[in-house]
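# Topology and contacts: notes
Letter by letter, the chains look like this.
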Amino acid sequence: MSTKTITIKQASQAINFLATNFMETNELDVESLEIASRAISKDIELRDYFLGMPSDFGLDFMVRLAEKMLPNIEATERPAIYTCYSAFLYERGETDRAFLALSEAQDLEPNYSLAGLLTRVYQGGMSAEMFGKMRSELHPKVILGIKNRASNLI
């Protein structure tokens, strides 16, 4: 599957299927995981979509999903997932674990831009409540961007 070219729409559908299937079975669909992790790591808007999914699936669920995904994906795709996982933890008030997840992302990719940004946000003391509010406000805009780019290839 890793050589197959996919569209933004197909990737977003795989991300959603991965989440809904995990919700129902507590298992990761292998093909959806491969597509989703690659898409999240290669496309900023799809990464931001994943980052906004607590609006649809809940924060605790997204923490569990990210925890299940991380050991089952390629190391090159982990910085994006670790960074989203960190944001989920931070919003949940688990600052120490959030910093640890960012550290994991930066160990794998020292110049990963979102990890650097989140480090500054956390160090600046943004409240978890404000972080969640910002995520909730951005998520519909990200969805619109994905719809507008649906036929684009990753």
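Throughout what follows, the structure given in this document is the object of discussion. (Residues numbered from 1 in each chain as written. Predicted model: local features only at pLDDT ≥ 70, side-chain atom pairs only at ≥ 80, totals over all residues. Heavy atoms only, no water.)

### Observations concerning the pattern of salt bridges
A side chain of one charge can pair with a side chain of the opposite charge when the charged atoms of the two come close. Applying the stated rule across the entire model yields 9 salt bridges. One salt bridge connects Asp48 with Arg47, and the closest N-O pair in it is separated by 3.0 Å. On the accessibility criterion, Asp48 (26% relative accessible area) is partly exposed. Relative accessible area serves as the criterion here: at 8%, Arg47 is assigned to the buried category. (Salt bridge = Lys/Arg side-chain N within 4 Å of Asp/Glu carboxyl O. Buried < 20%, exposed > 50% of the residue type's maximum accessible area, 1.4 Å probe, protein only.)

### Focus on the packing of aromatic side chains
Throughout the structure, instances matching the rule amount to 7 aromatic pairs. Summarising the aromatic geometry, the rings of Phe50 and Phe88 are spaced 5.9 Å apart at their centres and angled 50° between planes, so their arrangement reads as tilted. In this pair, Phe50 is assigned in helix 3 (residues 44–52) and Phe88 in helix 6 (residues 78–91), connecting sequence segments 38 residues apart. We classify Phe88 as buried; its relative accessible area is 1%. (Phe/Tyr/Trp six-rings, centres within 6.5 Å; stacked < 30°, edge-to-face > 60°. Helix = DSSP H or I, 4+ residues; strand = E, 2+ residues; numbered from the N terminus.)

### Quick notes on the nonpolar core
Counting residues in each nonpolar core, the largest one holds 51 residues, and the members touching the most others are Phe50, Leu65, Met69, Phe88 and Tyr122. Of all the secondary structure elements, the ones that give two or more residues to this core are helix 1 (8–25), helix 2 (30–42), helix 3, helix 5 (59–69), helix 6, helix 7 (95–108), helix 8 (113–123) and helix 9 (128–148). Here the element with the most residues in this core is helix 6; it accounts for 9 residues. (Core = buried A, V, L, I, M, F, W, Y, C linked by side-chain atoms within 4.5 Å.)

### With respect to the layout of surface pockets
For the largest pocket, the calculated volume is near 300 Å³. Considering the residues around the largest pocket, the lining is formed by 17 residues, among which Asp48, Leu51, Met134, Arg135 and Leu138 are closest to the centre. When grouped by side-chain class, the residues that make up the lining of the largest pocket number 11 nonpolar, 2 polar and 4 charged. In this structure, the second largest pocket spans a volume of roughly 210 Å³. Along its surface, the second largest pocket is lined by 11 residues, and Val30, Leu33, Glu34, Asn72 and Ile73 are the ones closest to its centre. Classifying every residue of the lining of the second largest pocket gives 4 nonpolar, 3 polar and 4 charged. (1 Å grid on protein atoms, 1.4 Å probe; cavity = no way out; pocket = protein on both sides within 12 Å on 5 of 7 lines; lining within 4 Å. Points joined across faces, edges and corners; volume = space filled by probe spheres on them. Nonpolar A, V, L, I, M, F, W, Y, C, P; charged D, E, K, R; others polar.)

### Re unusual backbone geometry
The backbone phi angle of Asn26 is positive, close to 65°, even though this residue is not glycine. Relative to the assigned elements, Asn26 resides in the loop between helix 1 and helix 2. Since its relative accessible area comes to 46%, Asn26 is described here as partly exposed.

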